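Observations on the model geometry
Residues per chain, in single letters:
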Amino acid sequence: MTATDIIKDTNPESFAALFEESMALKEMRQGEIITAEVISVESDFVTVSAGLKSESIIRTEEFLDDKGSIEVVLGDHVKVAIEKIEDGYGSTILSRVKAKQMQAWIDLEDAMNDGTIVNGFVSTKVKGGLRVTVNGIMAFLPGSLVDVRPVKDTSPFENKECELKIIKIDRKRNNVVVSRKAVIEEQSGTNTEAVIATLVEGANIKGIVKNITDYGAFVDLGGIDGLLHITDLAWKRIKHPSEILNVGDEIEARVLKYDKEKNRVSLGMKQLDDDPWVGLNKRYPINSRIFGTVSNLTDYGAFIEIETGIEGLVHVSEMDWTNKNIHPSKAVQLGDEIEIMILEIDESRRRLSLGMKQCKPNPWEDFAADHKNEEKITGDIKSITDFGMFIGLEGGIDGLIHLSDISWTETSEEAVKKYKKGDSVESLIISIDVDKERISLGIKQLTDDPNPEAKTEAKTEAKTEAKTEAKTEAGKKPTKPKTSPKKEAAPKDIENAGTTNLGALLKAKLDDGK
């Protein structure tokens, strides 16, 4: 019978028997809890009879419920505590409040001894845990006993009722310790030790998803929780665990690691399936063309999923033949199915390089197939730089006219001043390099060299110097080319030689010799 029990019994014989039995079992003494009958209910006091010498009067406020209403009526049997056997006037002082408090302690002790579950109201957070009210008595719920797994934020449990177990009572110090964790473990109907025995790395285990966070999910394995990290959910890219998991789902996972000291279990779901990266080279040979779906976009490229769990990168430089600085979002969108080419596979590092432009005609190859060296071609000037002019050609590609290839007679600075952006110019194809994506053009090559001898002499001198250097390196004494003595040079030749720095120096020396 709890402290709040009120016996509704209108049979006086039954009450008399109950009273006599109570008197037979124990002596009447101060602090004793006895049963009394309500014989009168007034606005200020309630009169009860406990079979003593006289009736006792108790203040009505001791019989009020939580709503402020009187909880007894005439004829009810209630528990009361004896405060004084004799008050000097022949009356016994009884208390309904103290009876409730004493009975509450007795009920808590019985609950602890019997291991029964009690209800409590979590009021506020205190150092190390939560403050709970159980049967009107303040109790302490340690943070470590709130749940079967560590709880960092206890705010969701505040101002709520919960089921608890009493694990410690000290009436002298008015100390009660309760546990919510014990209730959860009991209700789960599992043996924690038996579950721990199955936690072997590499073993498969079933559990219930009990909580989902941004970095993974906690799985109840039966008395112990395991963490399923987001990177171990699936081989494919996942932004949030809720994409494939829901609270309450029963799942199967593999034990990746179990730390006995910290009681931590790491789980993985993707490990239940074969690693898709194994044997990727055999399934997708280099230069093979396949289709994939755009799964993610970045500033430096786009990620393409070619199969579940396998994503490759199309770098921005591999998206378009002509536009090297194109932003990925200008070329593809999320969810697009596109054709790509396998460029490189690194299974050990789990890296896959893909290309988009390789699935389109190469404008450099097309140009090389349609044109040959020393062929005339016309195009507009797209830009002028410090080293030359870029000419727009068919297929969206550019050709370069180097400054040195503009004029035979004028300096580079003078020659380039005659042109501006947008001008249409005719030039001659000097060379085509498909691998380096370069096309060299020339304007001066459209006409003959007005001074071919100088060019021939330059080539001869260059060849002679090259041979001399080669012989010197081989340990042979270099031989000088046969030339006439400079002192015998004709006066006219000396004057012509004076147009260069070397000629001026030679002329000065000859004049000194005269």
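For the structure itself, consult the block above.
Heads up: these notes are all about the structure in this document. (Residues numbered from 1 in each chain as written. Predicted model: local features only at pLDDT ≥ 70, side-chain atom pairs only at ≥ 80, totals over all residues. Heavy atoms only, no water.)

**Comments concerning the sheet that holds strand E21 (residues 351-355)**
Strand pairing in a sheet relies on backbone hydrogen bonds. The paired strands run either parallel or antiparallel. So the rule is basically this: The criterion for strand pairing is that DSSP finds at least two bridges linking the strands in question. Counting from the N terminus, the helices are the DSSP runs of H or I reaching at least four residues and the strands are the DSSP runs of E reaching at least two. Here the axes come from fitting lines to C-alpha atoms, over the contacting stretch only for helices, and the angles between their N-to-C directions go from 0 to 180 degrees.
Sheet architecture is closed into a barrel: five strands sit in the order E17-E18-E19-E21-E20, paired in mixed fashion. Sheet twist, expressed as the average angle between the axes of neighbouring strands with direction ignored, equals 55°. Note: strand E17 (residues 289-298) against strand E18 (residues 301-307), five bridges, orientation antiparallel. What sits directly across from threonine 293, in E18, is glutamate 305.

**Quick notes on the nonpolar core**
Heads up, the condition is: The set of buried Ala, Val, Leu, Ile, Met, Phe, Trp, Tyr and Cys residues whose side-chain atoms join them within 4.5 Å is what this entry labels a nonpolar core. Accessibility here uses a 1.4 Å probe with only protein chains present; expressed as a share of the type maximum, an area under 20% marks a residue as buried, one over 50% as exposed, and anything in between as partly exposed.
In terms of nonpolar packing, the biggest core is built from 22 residues, with Leu108, Val134, Leu141, Leu164, Ile166, Val176 and Val178 touching the most fellow members. Residue assignment for this core shows that the elements contributing at least two residues are helix H2 (96-114), strand E7 (117-126), strand E8 (129-134), strand E9 (137-142), strand E10 (160-170) and strand E11 (175-179). Of all hydrophobic cores here, the second largest spans 21 residues; its members include Ile290, Ile304, Ile340 and Leu354.

**As for the pairing of strand E14 (residues 225-229)**
Here five bridges tie strand E13 (residues 216-220) to E14, and the two strands are oriented antiparallel to one another. Bridged to alanine 217 within E14 is leucine 228. One ladder, built from two bridges, connects E14 with strand E16 (residues 264-268); its direction is parallel. Looking across to E16, one finds that leucine 228 is bridged to leucine 267.

**A few points about the environment of lysine 98**
Selection rule: Contacts are assigned to residue pairs with any non-hydrogen atoms lying within 4.5 Å of each other.
Its place among the elements puts lysine 98 in helix H2. Along the primary structure lysine 98 and glutamate 62 are separated by 36 residues, whereas in three dimensions their C-alpha atoms are 9.4 Å apart. Not counting residues within four places of it along the chain, the set of residues in contact with lysine 98 comprises Ala81 and Glu83.

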